[in-house]
Amino acid sequence: MLKIPVFIFSAWLLRGSFMAAQVISQASIPAQLPSGAGIYDPSLNPKVQSLLRKMTLDEKVGQLVQYSAGQPTGPGTGRTDYEDMLAKGQISALFNISTAKETNAYQRLAVEKSRLHIPILFGLDVIHGFRTEFPIPLALASTWDPQIVENAARVAAKEASATGIRWTFSPMVDIARDPRWGRITEGAGEDPLLGSVMSAAYVRGYQGSRLDAPDSIIACAKHYVGYGAAEAGRDYNSTEISEHTLRQYYLPPFQAAVNAGSASIMSAFNAINGVPASANPFTLKQVLRKEWGFKGIVDSDWTSIAELIPHGIANDGSTAARKAFSGGVDMDMASSLYHDHLAALVKSGKIPVEEIDEAVRRVLRVKFALGLFERPYVDESREASAMLQPSSLGLAQNAAERSMVLLKNAPGPNAAPLLPLSKDDRAIALIGPLADDSSSMLGAWQGLADSKDVASFPVALTKQIGEDHLLRAKGVNVIGGSDEDINAAVAIANKADLVILALGESGGEMTGEATSRAHIGLPGRQQELLEKVVATGKPVVLLVFSGRPLTMPWAFQHVPAVLAAWFPGIEAGSALVRTLYGESNPSGKLVVSWPRDVGQEPLYYNALSTGRPIDPATPDNNYVSRYIDEQNTPQFPFGFGLSYTSFKYGATRVAAKQLKASHLMPKLGNGGTVLSVSADVTNTGQRAGEEIVELYVRLEGTSVAQPVRALKAFEQVALNPHETKTVTFNLPADAFALWNDQNKYTVEAAKATVWISPDSARGEGAAVEIIP
Ligand code: NOJ
């Protein structure tokens, strides 16, 4: 196992985090398509055109066909004759192959045997790392630091490209408001601004500064669109999303990816208002192509073209292929229906050949932009040395530390907050199914990560406190476990001075695709174990490992210290120990609302007010929008996270009390400042710490109701003990914009409230009037 000592994590490795200490708002997200670079480079056109002229119809169709040639991750197509198909020019792209030797072998068939020698494009789900596994995307987003995300994506690109993979099916930029949906783990949570910032950061990281650099890979923003709105949080389920909601919440992270230059987009499985996303001319043609000017590839999700049949909009494969293609999907992932039917559809006049040509141009343009024609093969001798570089592991450790969210830190036995722990002579009992589960630490979509490379938590803890001070018991499995094992764990807890409990979900099996859960509490007998260990009266630190918020009201009431560790990736053990012992001070904040009970879902902070909101002064009034058996509020709101120090916020101050909508409108999308907003933030504790300072806006009196709060900017601020900084946000016009009742992006006259606050539920707002 490759291990690196802590001292090499020098300042430059952590540079990403310091560089991010800048205000992030809509103005930080690219508002325009990149020109002259990558797939938008006009010098590619003559090369594309000259090749296209030589192609037969069958060869053209071949460029729109993609198969999985490795581990299947979904229903198969029944085809295995890829070698023969490659030689005939019938395949454009392959995925799920992940060694240089294999990609080169397949590439040789395409380049040497096919008539036109067109190279194939190799893809893989490189979601949060390749060999160097970073924390899960939900955790990476909890850093609120796009530079960390960009750096992680860059490392992933370098490692993946060393095996010949030049296409990742990432970032997943689906807004997710319901943690029953297992894929919430793969995205950046519930907020469109944060989601857009992270979306652009992944694209920059993967694609680098030039697509034709051998270590650049193309991004694929997915799943376009609305997949995260699956009804009841059940994966693949249908969605009902109004155009307003689509435009204001679900589309922005995709537009951010397009504007950052993403060379591909994946069309989703779900139906939107009855029209499947993989045959949806409104989202694919009107919005993506016409309004945003996207010139990259639209790839279907795995068999989502064949799934038009069970969706009920096609009764046979030919109709499914026609509807998907005419709806705007360029490439067929794994259905084989384009291979089977497109040529015949052209010959029968149902699809104009000009449309096929246009789709093929888009594919060829990507292949030229990547330099695949000049360098189709990868240097096998460089594959191993690209992996697990010390600097990559350093980034992974920093990302893991910055992603953890401290949810509770009440006083322990000596009246001080229980965390951080001090190195003393106490005996520590480490209990729970996730304490030593290296594979789970990698979360869902593990790329080529090897659980043997994961920094083990027990090993790191032993190093920290010495073998004699560590007692161990598993207690239960994630699901299942015996009374004897629970009793043995309680006996171990009784012998210790302090207990660290490592509970939660298993990373691979319970999070990610097809892992929706109707019950989102601690699985199996873990709650029982927790209650019995707490009953020993020993101070307990609870580490929660999960790919979603877990409902654990009892734990939050009875356990003094709770840290959401998510699935921290390859440096799990070292990051956990450094965090528990205060060598790293937690600064992560939630990017999803943490519910009290699953019955509250979907629960998200940027909801609309009802006509009968609860009056906080009389919360028990009847005939208001509330539950009779649960509070409306989350356990922890979006944006929440504690630190080992404490911060105090002064009142929000605005530089002007009035703004003119007619002055703001021409400035939309152009950056620039229309209002400065400030607040003093003081570190009132005894330690240096970093605080993510958040800015929210509410608009009232608009044509379409706006959320009770919407995140419009944030900044990470480092503060020494007793230090105060004035945090100033120079807001762009977009901070006051909305999609109106005509589905136009604009600024309207409104009563605005602006908060600078530590999370989405606190803070003292300032009023601003927006006049016509
Ligand atoms: C299906 C998943 O929905 C998608 O995210 C993934 O990229 C493809 N399978 C390919 O593995």
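An account of the accompanying structure is given in this report.

Notes on helix α13 (residues 317-327)
At step 1: All buried positions along α13 are accounted for by G317, T319, A320, A321, A324, F325 and G327.
At step 2: Its side-chain oxygen placed 3.3 Å from the backbone nitrogen of S318, D316 serves as the N-cap of α13.
At step 3: Just beyond α13, the residue with positive phi is G328, at close to 120°.

Comments concerning the site of the ligand
At step 1: In the region of the ligand, 14 residues are neighbours, and D125, R183, K222, H223 and D301 sit closest.
At step 2: D125 has a polar side-chain atom sitting 2.5 Å from an oxygen atom of the ligand.
At step 3: Between the ligand and D301 there is a distance of 2.6 Å, counted from an oxygen atom to a side-chain nitrogen or oxygen.
At step 4: A total of 290 Å² of accessible area belongs to the ligand in isolation, and the protein chains cover 100% of it.
At step 5: Residues of the shell around the ligand, tallied by class, amount to seven nonpolar, two polar and five charged.

Examining the side chain of R361
At step 1: Tracing the backbone through its elements, the reader meets R361 in helix α15 (residues 353-369).
At step 2: We classify R361 as buried; its relative accessible area is 18%.
At step 3: Side-chain polar atoms of R361 contact the side chain of E358, separated by 2.5 Å.
At step 4: Among residues more than four places away in sequence, those in contact with R361 are V48, Q49 and L52.

Re the sheet that holds strand β27 (residues 750-757)
At step 1: Across the sheet, six strands lie side by side as β1-β23-β22-β27-β28-β20; this open sheet has mixed pairing. If you trace the sheet from one side to the other, it starts and ends with β1 (24-25) and β20 (658-660), each paired once.
At step 2: Pairing between β27 and strand β28 (residues 766-771): five bridges, direction antiparallel. The partner of V754 across the bridge, within β28, is A766.

Details of the sheet that holds strand β14 (residues 470-473)
At step 1: The strand order β12-β17-β16-β15-β13-β14 describes an open sheet built from six strands, whose pairing is mixed. Looking at the sheet topology across the chains shown, the edges are occupied by β12 (405-409) and β14. Shown here is a sheet whose adjacent strand axes are inclined to one another by a mean of 15°, direction ignored.
At step 2: In terms of strand pairing, strand β15 (residues 498-504) meets strand β16 (residues 540-545) through six bridges, oriented parallel. For L501, the partnering residue across the bridge sits in β16 and is L542.
At step 3: Against the sheet, helix α20 (residues 483-495) touches β13 (428-431), β14 and β15, its axis set at about 165° to β14.
At step 4: Sheet contacts for helix α24 (residues 572-580): β15, β16 and β17 (561-564); angle to β16, the most-contacted strand, approximately 145°.

Re α15
At step 1: Along its 17 residues, α15 runs 24 Å from first to last C-alpha, staying within 8% of the 24 Å computed at 1.5 Å per residue.
At step 2: Counting buried residues in α15 gives 13 out of 17 residues, a clear majority hidden from the surface.

Notes on the pattern of salt bridges
At step 1: Evaluation of the coordinates by the stated rule reveals 35 salt bridges.
At step 2: Between R578 and E401 there is a salt bridge, with its nearest N and O atoms 2.5 Å apart. Of this pair, R578 sits in helix α24 while E401 sits in helix α17 (residues 390-403), placing them 177 residues apart in sequence.
At step 3: Overall, the relative accessible area of 17% leaves R578 in the buried class.
At step 4: By relative accessible area, E401 is classed as buried at 5%.
At step 5: A salt bridge links E583 to R578; the nearest nitrogen and oxygen atoms lie 3.9 Å apart.
At step 6: According to the relative accessible area criterion, E583 is partly exposed, its value standing at 40%.
At step 7: Residues joined in a network through salt bridges with shared partners are D483, R525, E528 and K532.

Here's the deal with the layout of surface pockets
At step 1: Here the largest pocket defines a volume of roughly 1,200 Å³.
At step 2: Lining the largest pocket are 35 residues, with A607, N632, T633, P634 and V708 sitting closest to its centre.
At step 3: Counting residues per element, the ones that place at least two in the lining of the largest pocket are β22 (689-700) and β27.
At step 4: Grouping the constituent residues of the lining of the largest pocket by class yields 17 nonpolar, ten polar and eight charged.
At step 5: Lining the second largest pocket are 42 residues, and of these Q26, P252, Q255, D734 and Y745 sit closest to its centre.
At step 6: Mapped by element, the contributors of at least two residues to the lining of the second largest pocket are α8 (192-207), α9 (243-250), α10 (252-259), β22, β23 (710-719) and β25 (737-739).
At step 7: For the lining of the second largest pocket, the element with the most residues is α10, which contributes four residues.
At step 8: Across the lining of the second largest pocket, the residue classes tally to 24 nonpolar, twelve polar and six charged.

So, how was this worked out
- Residues numbered from 1 in each chain as written.
- Predicted model: local features only at pLDDT ≥ 70, side-chain atom pairs only at ≥ 80, totals over all residues.
- Heavy atoms only, no water.
- Buried < 20%, exposed > 50% of the residue type's maximum accessible area, 1.4 Å probe, protein only.
- Helix = DSSP H or I, 4+ residues; strand = E, 2+ residues; numbered from the N terminus.
- Polar contact = N/O pair within 3.5 Å; in protein donor to acceptor, adjacent residues only side chain to side chain.
- Near = heavy atom within 4 Å.
- Areas by Shrake-Rupley, 256 points an atom, 1.4 Å probe, with all protein chains shown as cover.
- Nonpolar A, V, L, I, M, F, W, Y, C, P; charged D, E, K, R; others polar.
- Contact = heavy atoms within 4.5 Å.
- Pairing = 2+ DSSP bridges.
- Axes fitted to C-alpha atoms, helices over the stretch in contact; angles between N-to-C directions.
- Expected span 1.5 Å × (residues − 1).
- Salt bridge = Lys/Arg side-chain N within 4 Å of Asp/Glu carboxyl O.
- 1 Å grid on protein atoms, 1.4 Å probe; cavity = no way out; pocket = protein on both sides within 12 Å on 5 of 7 lines; lining within 4 Å.
- Points joined across faces, edges and corners; volume = space filled by probe spheres on them.

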